[in-house]
Amino acid sequence: MSKLKEGELIKNGFALPAAGGMKCVIEEFIGGGGQGEVYRVKLGSETLALKWYFEDSQKSELKASLKNLINIGAPNDNFLWPKEVIEYEGKFGYVMGLRPAEYQKSQLLVNGKINLNFRTVAHACLQLADSFRLLHIPGLAYQDINWGNLFINPSTGDILICDNDNVTEHGKNVAGIAGTYGFMAPEVVMGGLPNAHTDMFSLAVLMFRMLFLDHPFDGKRWVDTACWDQAAQKKYYGQMPLFIYNPSDSSNNPVAGEQDNVILRWKMYPQYIRDCFTKVFTEGLTDPENGRLMEENWLDVFRRLQESIFPCPYCEVPIIYDVDKIKNEGKISCWNPKCQGYEQKLPTPPRLRIKIGKRERIVVLNVDTKLYHYQLVKSAPSLKEGGPVVAEMAQNPKDPEKWGLRNLSNNNWTFTTNSGDIKDVNPDKAMPLTKNIKEIDFKTSATAEIRI
Amino acid sequence: MAIDSVPIIGGGVSKRELKIFWLIDVSGSMAIDGKMTAVNRAIKAVIPELQSSAEDFPDIQTYVQAMKFGNGAEWHNSSAEKIESYVWREIDAEQAVTDMGAAMQLLAHELTEEKLGKKAIPPVIILLSDGQPTDNYEGGLEELLKQRWSKKSIRVAIAIGKDADEEKLKMFCSNPVEIPPFVAGNETQLVKFIKWASVALSRTASTPAIDATGGVAAVPTPPPIKAEVKIGEASDDTDDDVW
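Residues numbered from 1 in each chain as written. Chains lettered and ligands numbered in written order. Predicted model: local features only at pLDDT ≥ 70, side-chain atom pairs only at ≥ 80, totals over all residues. Heavy atoms only, no water.

All names here are of chain A. Reading across from one edge, S16-S15-S24-S23-S20-S21 is the order of the six strands in this open sheet, with antiparallel pairing throughout. Each having just a single partner strand, strand S16 (359-364) and strand S21 (422-425) make up the two edges of the open sheet. Sheet twist, expressed as the average angle between the axes of neighbouring strands with direction ignored, equals 25°. With six bridges connecting them, strand S15 (residues 351-356) and strand S24 (residues 446-451) associate as antiparallel partners. Note that in S24 the partner of Leu352 across the bridge is Ile450. (Pairing = 2+ DSSP bridges. Helix = DSSP H or I, 4+ residues; strand = E, 2+ residues; numbered from the N terminus. Axes fitted to C-alpha atoms, helices over the stretch in contact; angles between N-to-C directions.)

In structure tokens:
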């Protein structure tokens, strides 16, 4: 072992005692951080990660907090949550799941080393919103949401949230941290304690940076500041933050040549997404409780985005079906400059207009579109509850050119034709998707029209 | 066209510049007890860590530049180089005195508004010395501290061995109370301090840490001076060279 590896606290091969007479065997030093060091370990037959704290962080409150988190359990599988506290000679650490190699640092998005498309970024943001929703429900707060704690599988948009040992009860602060500049809510920058409300601000910043690849407060002011030091950040993130697209103050707008990502992407996303971020970064600056979107709202937003994505008929890049854009510009076009459909009018994709009471949702129909339970009921806030597939696209076996919708639910659907005939679609049967159909009744309080 | 050949929309992100300066004493005494070897090893070891750390800050471009001071002072790299492609060329000790004042003067020229540009974050400056300044150190330091960027910079000093002048080094430090000069008594400590100063302080410059009392923590906690006792290994580690 090289002397340069001096920072390692525990020798490879050493076996620490674990619960139930098991051994936690150190396999390899993975890395160090501010609070301690992380090792790959074998606990029984499982390969896990062990975080072992430096002397300064060996505090009984932290140990008690970790044990509490373990008792509460992981909000969902997206968290590399503490599994077991390991103790040895009066010191402690904890084991958690090991991050698989396909999950990469989320910061790599910004310099283009990994890339998410509309579909995968919507999936990632949905997972984020649902994960923090589940974390907040039992009264916990994460306290330091920032991209350093987020890993993404770029091919699927699946996420992993790490560094969960600082999670604490809303209003408490065991680890003595406040957050990361550039993600902290203004009241935390100004000296307040982080909590579930400040999490909601940081979550919005994180999602903004994933979608737009620039920072919601770094506009002209950022460009005009030669030294971006602590004083500047305190001023522009804490004392007088101004959203780069504040509707009533353009003095901090993004600058062409400097913040081109957001200038381009702000136009690409639909108005309802722009509205949500505008709310959080204007009203939400001073109204932590009501000015920041709840995770449920973000779930709605990103589900809506997912439902409206279709592949470009020429180059297959994901495109957003955006009614407002069609109204304003008269067309939907492909954004890919290499595509023959670039800035050309594309054919409007077929879609379902689903009505639930007074609410409406437009679901674009692609060959791989599935309908989920949440789309056909009044409220199904969580991804898990809303998850079951209730319909999928199906080809007519007699003529594969003709597409239909297969009933994967337990309800007997019916549909009404233009001539007034009512037909049954029993579970596992498929119905045609043609202009001849006036309305589908999913027997869940949801009905739908077909738009072709 | 397949999805994976789609161009990435938008460009790279606009970056701020972070400069890390290492000011290295090359006086004759650095040749003794493997001190210079240790400095070379430490900097070589810290480069991959800085490269990996830089990935966490995609909106910051990190540069490094090393200076030698002995009989006078000169840049080891004629200009600051990007960390991604930086290769350390070893430095040798020279038959030289310790012109630390000359080092301060030379550095002052790099801390001008013109040199640091319009988009920067506080530079990190690490001074390494094993002896007493032999020239007009105070005069050079005064010139350095006159620069507007000096006030913003994060300056730390590492005293190599017991012969270094801690009081003089303290004058250089930007936060002498919380982060006084480190005294490296052996190679492992030196490596630890150089790593901490380079990596942790550049991370602080990139995204300042903040503590829960609302006070802005200017710098992260320095590494413990006493080496942590390793678990599973005898604590009387005979591997350490003692100078």
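Here Pro58(B) lies in the loop between helix H1 (35-54) and strand S2 (60-70). C-alpha separation for the pair Pro58(B) and Val13(B), spaced 45 residues apart in sequence, amounts to 7.6 Å. Excluding anything up to four places from it in sequence, Pro58(B) contacts Gln107(A), Val110(A), Asn111(A), Trp147(A), Val13(B) and Lys15(B). (Contact = heavy atoms within 4.5 Å.)

Let us look at the pattern of salt bridges. One side chain can pair with another of opposite charge once the charged atoms of both are near each other. Using the criterion set out here, one finds 32 salt bridges over all chains in the structure. Ionic pairing is found between Glu187(A) and Arg292(A), a salt bridge with its closest N-O pair at 2.9 Å. Here Glu187(A), found in helix H3 (residues 186-189), pairs with Arg292(A), found in the loop between helix H8 (271-286) and helix H9 (295-307); they are 105 residues apart in sequence, far enough to count as distant. Since its relative accessible area comes to 25%, Glu187(A) is described here as partly exposed. By relative accessible area, which is 3% here, Arg292(A) ends up buried. Its salt-bridge partner being Asp130(B), residue Lys35(B) comes within 3.0 Å of it at the nearest N-O pair. Of this pair, Lys35(B) sits in helix H1 while Asp130(B) sits in the loop between strand S5 (124-129) and helix H4 (137-146), and the two are 95 residues apart along the sequence. Across the pair, Asp130(B) and Lys35(B) agree in class, each one buried. One continuous salt-bridge network, built from bridges that share partners, spans Arg353(A), Lys355(A), Glu360(A), Glu449(A) and Arg451(A). (Salt bridge = Lys/Arg side-chain N within 4 Å of Asp/Glu carboxyl O. Buried < 20%, exposed > 50% of the residue type's maximum accessible area, 1.4 Å probe, protein only.)

Residue and element names in this part refer to chain A. According to the stated counting rule, one finds 38 aromatic pairs over all chains in the structure shown. Taking the centre distance of 5.4 Å and the plane angle of 70° together, the rings of Phe14 and Tyr88 count as edge-to-face. With Phe14 in the segment before strand S1 (15-17) and Tyr88 in strand S5 (residues 84-88), this residue pair connects regions lying 74 residues apart in the sequence. Given a relative accessible area of 21%, Tyr88 falls into the partly exposed group. A centroid spacing of 4.5 Å and a plane angle of 40° characterise the contact between Phe208 and Phe212, whose relative ring orientation is tilted. One end of the pair, Phe208, and the other, Phe212, are both in helix H4 (residues 196-212), four residues apart, so they sit about a helical turn from each other. Note on Phe208: relative accessible area 0%, which makes it buried. (Phe/Tyr/Trp six-rings, centres within 6.5 Å; stacked < 30°, edge-to-face > 60°.)

Residues and elements named next belong to chain A. Pairing in this open sheet of six strands is antiparallel, and the strands run S1-S2-S3-S4-S6-S5 from one edge to the other. Looking at strand neighbours, the two that pair on one side only are S1 and S5, the edges of this open sheet. Across the sheet, the mean angle separating the axes of adjacent strands is 40° when strand polarity is ignored. On the sheet, helix H1 (residues 60-72) packs against strand S4 (46-53), S5 and strand S6 (91-96) and is oriented at approximately 145° with respect to S5.

Residues Leu128(A), Met210(A), Phe281(A), Trp298(A), Trp22(B) and Ile24(B) are the most contacted members of the largest nonpolar core, which totals 133 residues. No other element matches H4(A), which puts eleven residues into this core. Each residue touching Trp22(B), except ones within four places of it in the same chain, is listed here: Ile43(B), Val46(B), Leu50(B), Val64(B), Gln65(B), Ala66(B), Met67(B), Tyr86(B), Trp88(B), Ile126(B) and Ser198(B). Ranked by size, the runner-up nonpolar core spans 26 residues in total, among them Cys227(A), Ala103(B), Met104(B) and Ile125(B). (Core = buried A, V, L, I, M, F, W, Y, C linked by side-chain atoms within 4.5 Å.)

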